[in-house]
Amino acid sequence: MSEQKRITDIGPPKYDIAWTPFIKENYGKWLYHEELAPGELLHVSETGAKLWTIRIAHTRIMSTLAIRDLAAIADEFCDGMLRFTTRNNVEFMVSDESKIQPLKDKLKADGFVIGGTGPGITNIVHTQGWIHCHTPAIDASGIVKAVMDELFEYFTEKRLPNKLRISLACCLNMCGAVHCSDVSILGVHRKPPLIEHDRLINVCEIPTTIASCPTAAIRPYNFEDEAGEKVKSVQVNNERCMFCGNCYTMCPAMPLADPEGDGVALWVGGKISNARSMPKFSKLAIPFLPNNPPRWPEVVDEVKNIVEVYAAGARPYERMGEWIDRIGWEEFFSLTGIEFTHFHIDDYRFAMTTWRSTTQFKFTE
């Protein structure tokens, strides 16, 4: 394969520049792979070469000291190389079998947890939350920590019918993959933005702010200040607002966060995989749960309930959405004890392909 000179800085770097020499040598030659134990994978090449992978849990947001610790372990056992997965796991890849047990012993001695592969729960992919983002309705790292503390055994040892992906996005902009995960935790705003009329004209471009609204809920408005003078500002049609936060992104004088209006919605049944059935979008399970830091007990209890009901009722290899399709949404709500409300009825006018357009109900006996 000839090296092509890069002529643009647009897009990500070419994927193979991050490969280890061992992986480059066996590219296109892998015969099979297997899971030896939770967190332990083996890839076998047609040349007879073998590559062991040890996966550990780690945080999405980490300190430089944590990175140095990981690098030191990689230097000692993996020729200085490691891999971060898209769900923030860390993988150590070893081609020398004699280093496997010493590596595992070192990881356990340093407090790292091995797991996250096969039919279980791996790390929760999530957004920035309160630590960095400007539009979140909820925190990210705090909720993820609280949920995974309760589901810890499904990462290290407990087996599920199939892999189960949990994701979290702090708001409706959904940069956390909640649109296609088995269980999705979504931060929701329930109140329109507060308009700071007295400073809006100084920090915002009114035409850009109006254009940022996807539902055309913002229009020009002349605000009368304390001196009785007219000041250019904007007004929000609350009936049209869907609380997305796009306006706040463009205009910092329209804050959206609210301690009472903000909360958590849970979605279920999504997946990216093409195996056995088509990819699926997540669908609403619980429209609102309170935002109760630092441990979010209501969210943790409901997520655990959904996971345990799925674990008890699904057949081998069934993903969450496939299990729900088999038993019916009526039975899902019945088994989980989740209340069905009018919020579950999809009334989006362009959602014809997602509507269940028959009057048939499906219950299992």
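Refer to the structure above for everything that follows.
Quick summary incoming for the structure in this document. (Residues numbered from 1 in each chain as written. Predicted model: local features only at pLDDT ≥ 70, side-chain atom pairs only at ≥ 80, totals over all residues. Heavy atoms only, no water.)

**Points about the overall build of the protein**
Cut-off, in case you're wondering: Elements are defined by DSSP. Helices are runs of H or I of four residues or more, strands are runs of E of two residues or more, and each kind is numbered from the N terminus. Only protein chains enter the accessibility calculation, which uses a 1.4 Å probe. A residue is then buried if its area is under 20% of the maximum for its type, exposed if over 50%, and partly exposed in between. Only heavy atoms enter the contact rule, under which two residues are in contact if any of them lie within 4.5 Å. Per-residue and other accessible areas follow the Shrake-Rupley method at a 1.4 Å probe size, with only the shown protein chains counted as cover for residues. Note that His is not counted, nor are the chain ends; the positive residues are Lys and Arg, and the negative ones are Asp and Glu. Where a charge sits is defined by one atom per residue type, namely NZ (Lys), CZ (Arg), CG (Asp) or CD (Glu).
In terms of helices and strands, the protein carries eleven helices and twelve strands. Each of the 365 residues in the protein was classed as buried or not, and the buried ones make up 44%. A separation of at least 24 residues holds for 65% of the contacts in the protein among residues at least 6 apart in sequence. Here the protein displays about 20,700 Å² of accessible surface, and carbon together with sulfur accounts for 55% of that area. Averaging the locations of the 39 positively and 47 negatively charged side chains of the protein gives two centres separated by 5 Å.

**Section: the state of the cysteines**
As a reminder, the rule being used: Counting rule for disulfides: a pair of cysteine sulfur atoms within 2.5 Å.
Counted by the stated rule, this structure contains one disulfide. Covalent S-S linkage joins Cys204 and Cys251, the inter-sulfur distance amounting to 2.0 Å. Given an S-S torsion of about 75°, the disulfide between Cys204 and Cys251 has right-handed geometry. Of this pair, Cys204 sits in the loop between α6 (197-203) and α7 (206-211) while Cys251 sits in the loop between α8 (246-250) and β11 (263-268); the two residues are 47 residues apart in sequence, bridging distant segments of the chain. The cysteine Cys133 is free of any disulfide, with Cys171 supplying the nearest cysteine sulfur at 5.8 Å. A disulfide-free cysteine, Cys247 has its sulfur positioned 6.3 Å from the sulfur of Cys244, the nearest such atom. We classify Cys247 as buried; its relative accessible area is 9%.

**Looking at helix α3 (residues 100-109)**
This is how it is decided: What the arc covers is the set of directions going from the helix axis to the C-beta atoms.
Within α3, burial applies to Ile100, Leu103, Lys104 and Leu107. Projected onto a plane normal to the axis of α3, the buried residues spread over an arc of 100° and lie on a single side. In this fold, the buried residues of α3 make contact with β2 (40-45), β3 (50-56), α2 (64-77) and β5 (90-94).

Geometric descriptors of this kind do not, in isolation, establish any biological role.
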